[in-house]
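Survey of secondary and tertiary structure
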Amino acid sequence: DLALDAWTDLGLGLLGSNGVPLLVGTGTLSAGSSNQFALSRAKPTTTGFLVVGLTQLNAPFKGGTMVPQPYQAIVFVTDSAGKVTMPFTFPAGIPVGTAMYFQFWIPDPAAVAGFAASNGLKGTSA
């Protein structure tokens, strides 16, 4: 099933005030498909960043590991439960088998260097 193969949890999250934030991706990552990022266990009601990259970096950062080689950062705000949901439509024209890497970074005073991070997530286009 393509939906099961589209997403790979890479781990490497960084503990924050609500535990290690959890990032889950759903959808097939095929042209025109509906997909979604769901983040939970993050610091409530705060601004953070979804870091997007086209290669896997796995470099030390803020006491944790920056999984994507940063290409773009998308700003988001968590709700009062420390969650955020980001639906998106996957664009056409991305070659099948293209890997993309995602990780949320959330300012959090309870974290080792002031930031908590979700697990890294690899998405592979279908």
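Reference entry: report on the structure contained in this document. Computed from a predicted structure; not experimentally measured.

What the protein chain contains, in helices and strands, is one helix and 11 strands. Along the protein chain, from the amino end to the carboxyl end, the secondary structure elements read α-β-β-β-β-β-β-β-β-β-β-β. Taking 2.2 N^0.38 as the reference for a compact globule, 126 residues should give roughly 14 Å; the C-alpha atoms of the protein chain span a radius of gyration of 14 Å, in line with that estimate. Across its three principal axes, the protein chain shows a C-alpha extent of roughly 40 × 30 × 25 Å. For the protein chain, with 126 residues in total, the buried portion stands at 38%. Relative to all contacts within the protein chain whose residues are 6 or more apart in sequence, the contacts with residues 24 or more apart total 68%. Of the accessible surface of the protein chain, which amounts to about 6,100 Å², a share of 60% is contributed by carbon and sulfur atoms. Of the charged side chains in the protein chain, 5 are positive and 5 negative, and the gap between their average positions amounts to 10 Å.

Bringing the packing of aromatic side chains into the picture now. This structure, assessed with the given rule, holds six aromatic pairs. Ring centres 5.7 Å apart and planes at 75 degrees place the aromatic pair Trp7 and Phe37 in the edge-to-face group. With a gap of 30 residues between them, Trp7 in strand 1 (residues 7–11) and Phe37 in strand 3 (residues 34–40) connect regions that are remote in the sequence. Overall, the relative accessible area of 11% leaves Trp7 in the buried class.

This next bit is on the sheet that holds strand 3. Taken in spatial order, the three strands of this open sheet run 2-3-8, and their pairing is antiparallel. Sheet topology places strand 2 (22–26) and strand 8 (84–89) at the edges, where each strand pairs with a single neighbour. When strand polarity is set aside, the average angle formed by the axes of neighbouring strands in this sheet is 15 degrees. The sheet contact formed by strand 3 and strand 8 spans six bridges and is antiparallel. Bridge pairing links Phe37 to Met86 in strand 8.

Attention now moves to the pairing of strand 4 (residues 47–53). Among the seven residues of strand 4, five are classified as buried, and the element is accordingly described as predominantly covered. With six bridges joining them, strand 4 and strand 7 (residues 72–77) adopt antiparallel strand pairing. In the sheet register, Leu50 faces strand 7, and the bridge partner there is Ile74. Two strands pair when backbone bridges link them, and strand 4 and strand 9 (residues 99–107) are joined in this way by five bridges, in the antiparallel orientation. Within strand 9, the position partnered with Phe49 by the bridge is Trp105.

Relative to the helices and strands, Gly25 is located in strand 2. Under the relative-accessibility criterion, Gly25 is labelled buried at 13%. For Gly25 and Val67, which are 42 residues apart along the polypeptide, the C-alpha to C-alpha distance reads 15 Å.

The next point concerns the nonpolar core. Trp7, Phe37, Leu39, Leu50, Phe102 and Phe104 are the most contacted members of the largest nonpolar core, which has 18 residues in total. Elements with a minimum of two residues in this core: strand 3, strand 4, strand 8 and strand 9. By residue number, the principal contributor to this core is strand 9, which donates four residues. Sequence-distant contacts of Phe37, that is, excluding residues within four places in its chain, are made with Trp7, Leu23, Val24, Leu50, Val84, Thr85, Met86, Phe88, Phe102, Phe104 and Leu121. Formed by five residues, the second largest nonpolar core is a distinct cluster that contains Leu14, Val51, Met66 and Trp105.

Procedures and definitions
- Residues numbered from 1 in each chain as written.
- Predicted model: local features only at pLDDT ≥ 70, side-chain atom pairs only at ≥ 80, totals over all residues.
- Heavy atoms only, no water.
- Helix = DSSP H or I, 4+ residues; strand = E, 2+ residues; numbered from the N terminus.
- Rg over C-alpha atoms; globule rule 2.2 N^0.38 Å.
- Buried < 20%, exposed > 50% of the residue type's maximum accessible area, 1.4 Å probe, protein only.
- Contact = heavy atoms within 4.5 Å.
- Areas by Shrake-Rupley, 256 points an atom, 1.4 Å probe, with all protein chains shown as cover.
- Lys, Arg positive; Asp, Glu negative; His and termini not counted.
- Charge placed at Lys NZ, Arg CZ, Asp CG, Glu CD.
- Phe/Tyr/Trp six-rings, centres within 6.5 Å; stacked < 30°, edge-to-face > 60°.
- Pairing = 2+ DSSP bridges.
- Axes fitted to C-alpha atoms, helices over the stretch in contact; angles between N-to-C directions.
- Core = buried A, V, L, I, M, F, W, Y, C linked by side-chain atoms within 4.5 Å.

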